[in-house]
Amino acid sequence: MSILINKDTKLVIQGITGRDGGFHAEKMKAYGTKVVAGVTPGKEGQNINGVPVFNTVANAVKATGANTSVVFVPPGYAADAIAEASEAGIKLVIAITEGIPTIDVIRITPILERNGTKMIGPNCPGLISPGKSMVGILPTMIFKEGNVGLISRSGTLTYEMVNQLTTNGIGQSTCIGIGGDPVIGLHYIELLTLFQNDKDTEAIVLCGEIGGDAEEQAAAFIKEHVTKPVVAFIAGQSAPPGKRMGHAGALITSGSGTASEKIKAFEAAGVRVAKEPADIPLFIKEALKL
Amino acid sequence: MKIHEYQAKEIFAGYQIPVQHQVLCTTVDQVAAAFDEIGEAVVVKAQVLVGGRGKAGGIKFCQTKEKAIEAGKNILGMDIKGLTVEKVIVCKAVDIKDEFYVGLINDRNTKSVLLMVSAEGGVEIEEVAKTNPEKILKIPIDPLVGLQPHQARSVFFEVMQNGKHVQQAADILVKLYKVFVEQDCTLAEINPLVIDADDKVIALDAKVNFDDNALFRHPEYEAMADYDEDEKLEVEAKEKGLSYIKLDGNIGCMVNGAGLAMATMDMIKLYGGNPANFLDIGGSSNPKKVVHAMEYLMNDKKVEAVLINIFGGITRCDDVARGLLEAFSQMTVTIPIVIRLSGTNAEEGRELLKNNKQLITAQSMGEAARKVIESVKK
């Protein structure tokens, strides 16, 4: 088992004729993801290495039964593309695009809610259920099928964490990069719930960073609702206040959103917090008595 | 991106939000002339992109021209939290009957534009949020219909007694929301919104931050930017595809990805070192970026050693290695460089660098951090 994506995932790639879209389409196909369609307005009828291209997501869904979309559309058009997928009946949209204006994401949020569409991202590396499906830009070779779920606000830091797990013989059920923007789709609480209910996930790694209070909310939620062991890591302990640390959402404002507050919240909720990524596999092994 | 109060007020004026006549001055003579123009008691306000101006002595009420000149002398050139005041505005002093806080922000939790109103105007809202959070009224705005006049009226009826004041304040708020969405703000704040002796409601202060992600829609903002030295470096680096923030340590870092870059800095701190910067070379594998990154690290004279931490995903380690070799051929590098390559094409990358005697290699992040700190101690 896994969450959100699996062998039944039928993927449509929005922006497949672009450089990134085309490149990662091949990577996803190579991993075994069922890439059934691409969308680029005005290019219907084209074929990108065996993947048919459609003008609209609705056409793609109608012709192929696509149920998941990944968005590689440039920032100025990406929110519109996400909304289009939602209106076409897609239930899970993964928005890879970095740099979408926040107000654009806010504007389409009610549309997603109305249609019951879940969004991962934007500004995220996507997600993978090892051995089943990968949607996004993740380097597949470092993942291994197994029982640990991972949620992270970062991209490469996720790879670091996963690599630590895999090289220590710990596989993953699903790994999700939720995105580094201030306003994003599915967040810790929704994903913790999915992992808690996934019978093949036995432990959860949560990789947070400075900015906002989502980690504090996650800590409170874990205390009340999550019975599986959770271990955490928080990036940005040495970050200065008032500076955006690469991610639009990684910002300490007026003393709130700091790493130390988040670490304190997790520890108070009984979640072990790793001082460095290398601690993660050790904590997991202890928690699962491996 | 932050802009000054006077710039924010110019935007407000364009939306018919009542603001005071302001005279922008960069010299004491201009301050004196501004006093003559206004002809009665004035306020001299520092224009600096940091909060807490008032507490730092950057805002002065002046009854006489002499006082205004003195204030101009004191404030122009003043240091407020590390920033030098280069401009002030001079406005007529207002007789304040009552004052309020009004703010709009992009809110992560409600995924909406959040309206905040408080009767505790004129003080730092963060303070109110900490000590008396119940004194801030918060209303998430439906992005599909926007802020409705009745919402604006309701919220002001909570904090104001006089219906005429409420009507004016609500009108201002509806316009402020328009500014927020049309100008792609992350923050639009009036603190304080005041009722003056003539029962007029005016925006006595203005604070606006633009969404960096939306700058492509507003080329006109570039001319409004007022960056300090460090920020200039950051903006210039951004144009080269790098995310660079200068700090005050002695260990330069070059990392791919923001989260890993933060974690690398943390690791250096954890093992007792001090990072000189945050530097994310981003996702693509252009060797040129690595050359530019090395230039930033070498230009920082405090840097005594460098830690390069790459976990290849889209970024290919061999491209990073090529970039490094190119950098070495273009500049003289005499300080120790510790490099850790992992992920996509790590083997190829290591192979390319194996003959370089200057590089210290490491297998893991932890090892790399320990080695770079050791190299500085020597």
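Residues numbered from 1 in each chain as written. Chains lettered and ligands numbered in written order. Predicted model: local features only at pLDDT ≥ 70, side-chain atom pairs only at ≥ 80, totals over all residues. Heavy atoms only, no water.

Visitor: Let's hear about the overall build of chain A: which residues, and what values?
Guide: Along the backbone of chain A there are 9 helices and 14 strands. Relative to the globule expectation of 19 Å for 290 residues, the C-alpha radius of gyration of chain A, 18 Å, shows essentially globular dimensions. Dimensions of chain A along its principal axes, counting C-alpha atoms only, are 55 × 40 × 30 Å. Put simply, chain A has 290 residues, and 63% of those count as buried. Once local pairs closer than 6 in sequence are excluded, the contacts in chain A between residues at least 24 apart make up 72%. Here chain A has roughly 10,200 Å² of accessible surface; of this, 52% comes from carbon and sulfur atoms. Once the 26 positive and 27 negative side-chain charges of chain A are each reduced to a mean point, those two points are 4 Å apart. (Helix = DSSP H or I, 4+ residues; strand = E, 2+ residues; numbered from the N terminus. Rg over C-alpha atoms; globule rule 2.2 N^0.38 Å. Buried < 20%, exposed > 50% of the residue type's maximum accessible area, 1.4 Å probe, protein only. Contact = heavy atoms within 4.5 Å. Areas by Shrake-Rupley, 256 points an atom, 1.4 Å probe, with all protein chains shown as cover. Lys, Arg positive; Asp, Glu negative; His and termini not counted. Charge placed at Lys NZ, Arg CZ, Asp CG, Glu CD.)

Visitor: Before we move on, can you summarise the interface of chain B and chain A with the specific residues and values?
Guide: The partner chain A presents 55 residues to the 49 residues of chain B that form the contact. When the two sides are added together, the surface that chain B and chain A hide from each other amounts to roughly 4,000 Å², 61% of it contributed by carbon and sulfur. Remark: the boundary between chain B and chain A carries 4 salt bridges. Among the ionic pairs, A:R244 bridges to B:D212, the shortest N-O distance being 4.0 Å. If you look at where chain B meets chain A, you find 14 residue pairs in polar contact (both at pLDDT 80 or more). (Buried area = accessible area lost by both parts, 1.4 Å probe. Salt bridge = Lys/Arg side-chain N within 4 Å of Asp/Glu carboxyl O. Polar contact = N/O pair within 3.5 Å; in protein donor to acceptor, adjacent residues only side chain to side chain.)

Visitor: Describe the sheet that holds strand β8 (residues 126-129) of chain A, naming the residues involved and giving the relevant values.
Guide: All names here are of chain A. Read across the open sheet, the 7 strands follow the order β9-β8-β11-β10-β12-β13-β14; overall the sheet is mixed. Two strands bound the open sheet, and with one partner strand each, they are β9 (133-136) and β14 (272-273). On top of the sheet, helix α6 (residues 188-197) reaches β10 (145-152), β11 (172-177) and β12 (203-209); it is set at about 170 degrees to β12, its chief contact. Relative to β12, helix α7 (residues 214-225) is tilted by about 155 degrees, and along the sheet it contacts β12 and β13 (230-235). (Pairing = 2+ DSSP bridges. Axes fitted to C-alpha atoms, helices over the stretch in contact; angles between N-to-C directions.)

Visitor: Summarise the nonpolar core; cite the residues concerned and give the values.
Guide: The biggest cluster of nonpolar side chains holds 100 residues, and the ones touching the most others in it are A:L192 and A:F266. No fewer than three residues from each of domain 1 (10-120) and domain 2 (139-288) of chain A sit in this core. If we skip the residues at most four places from it in the chain, A:F266 touches A:L206, A:E215, A:A218, A:A219, A:I222, A:A232, A:I234, A:V271 and A:V273. Membership of the second largest hydrophobic core comes to 70 residues, among which are A:A78, B:I141, B:I195 and B:M224. (Core = buried A, V, L, I, M, F, W, Y, C linked by side-chain atoms within 4.5 Å. Domains from an automatic or database assignment.)

Visitor: Tell me about the sheet that holds strand β2 (residues 42-47) of chain B, and please be specific about residues and values.
Guide: All names here are of chain B. Reading across from one edge, β1-β6-β2-β3 is the order of the 4 strands in this open sheet, with antiparallel pairing throughout. At either end of the open sheet lies a strand with only one pairing partner, and these are β1 (23-25) and β3 (59-62). This sheet shows a mean twist of 25 degrees between the axes of neighbouring strands, independent of strand direction. Here 4 bridges tie β2 to β3, and the two strands are oriented antiparallel to one another. Pairing of V44 across the sheet is with K60, part of β3.

Visitor: Kindly report on the pairing of β8(A), identifying the contributing residues and their values.
Guide: All names here are of chain A. Burial along β8 is two-sided: the face carrying G126 and I128 and the face carrying L127 and S129 are both buried. Pairing analysis gives 4 bridges linking β8 to β9, with the strands arranged antiparallel. From the neighbouring strand, L127 faces β9, where its bridge partner is V135. Connecting the antiparallel pair β8 and β9 is a turn made up of 3 residues, with G131 showing a positive phi of about 85 degrees.

Visitor: Tell me about unusual backbone geometry, and name the residues and values.
Guide: Excluding glycine, residues mostly have negative phi values, and the peptide bonds linking residues are mostly trans. Backbone torsion omega between A:G121 and A:P122 reads 5 degrees, so that peptide bond is classified as cis. Inspection of the secondary structure assignment puts A:P122 in the loop between β7 (118-120) and β8. Of the consecutive residues B:N191 and B:P192, the connecting peptide bond is found in the cis state with omega at 10 degrees. As for its position among the elements, B:P192 is in strand β10 (residues 185-196). Even without a glycine there, the phi angle at A:N49 is positive, about 45 degrees. Inspection of the secondary structure puts A:N49 in the loop between β3 (47-48) and β4 (51-54).

Visitor: I'd like a rundown of the packing of helix α9 (residues 287-299) of chain B against helix α10 (residues 317-330) of chain B, residues and numbers included.
Guide: Residues and elements named next belong to chain B. Their axes nearest at 7 Å, the elements α9 and α10 cross at an angle of 50 degrees. Judged by the angle between their axes, α9 and α10 are oblique. Considering only the axes of α9 and α10, their crossing is right-handed. Facing α9, whose interface residues are P287, K288, V290, V291, M294 and E295, α10 presents D319, V320, R322, G323, L324, E326, A327, F328 and Q330. Taken together, the residues of the contact of α9 with α10 break down into 8 nonpolar, 2 polar and 5 charged. (Parallel < 35°, antiparallel > 145°, perpendicular 65-115°, else oblique. Left-handed = near helix turned anticlockwise from the far one by under 90°. Nonpolar A, V, L, I, M, F, W, Y, C, P; charged D, E, K, R; others polar.)

Visitor: Break down the state of the cysteines for me, with residues and values.
Guide: Residue and element names in this part refer to chain B. Evaluated as defined, the whole model comprises 0 disulfides over all chains. Cysteine C91 remains unbridged, with the sulfur of C25 as its closest cysteine sulfur at 9.5 Å. Counting only cysteine sulfurs, C317 is the nearest neighbor of C253, a cysteine outside any disulfide, at a range of 17 Å. (Disulfide = S-S within 2.5 Å.)

Visitor: Tell me about helix α5 (residues 149-159) of chain B, and name the residues and values.
Guide: Side chains three or four residues apart in an α-helix point the same way, a direct result of the helix having 3.6 residues per turn. Residue and element names in this part refer to chain B. Within α5 the residues assigned to the buried category are Q151, A152, V155, F156 and V159. The arc that holds every buried residue of α5, seen down its axis, measures 125 degrees, which confines them to one face. Those residues of α5 that are buried are in contact with β7 (96-107), β8 (112-118), β9 (136-141), α6 (163-182) and β10. (Arc of directions from axis to C-beta.)

Visitor: Outline the domain arrangement of chain A, supporting the account with residue identities and numerical values.
Guide: Residues and elements named next belong to chain A. Each assigned domain of chain A is listed here: domain 1 (10-120) and domain 2 (139-288). Using only C-alpha atoms to locate each centre, domain 1 and domain 2 end up separated by 26 Å. Every contact between the two is made by 8 residues of domain 1 and, on the other side, 10 residues of domain 2. Carbon and sulfur atoms supply 69% of the area that domain 1 and domain 2 bury against each other, a total of about 810 Å² over both sides. The largest contributions to the domain 1 side of the interface with domain 2 come from Y31, M119 and I120, which together make up 52% of the buried area. Seen at the junction of domain 1 and domain 2, the total is 0 salt bridges.

Visitor: Give me the lowdown on the pattern of salt bridges, citing residues and values where you can.
Guide: Following the criterion strictly, the structure yields 36 salt bridges over all chains and no others. One salt bridge in this structure joins B:E234 and A:K243, with 2.8 Å as the shortest N-O distance. Placement of the pair is B:E234 in helix α7 (residues 229-239) and A:K243 in the loop between β13 and α8 (259-268), with the two residues belonging to separate chains. The partner of B:E326 in a salt bridge is B:K288, with the nearest N and O atoms 2.8 Å apart. Note that B:E326 is positioned in helix α10 and B:K288 in helix α9, a separation of 38 residues in sequence. Connected via shared salt-bridge partners are A:R153, A:E209, A:E215, A:E216 and A:K262.

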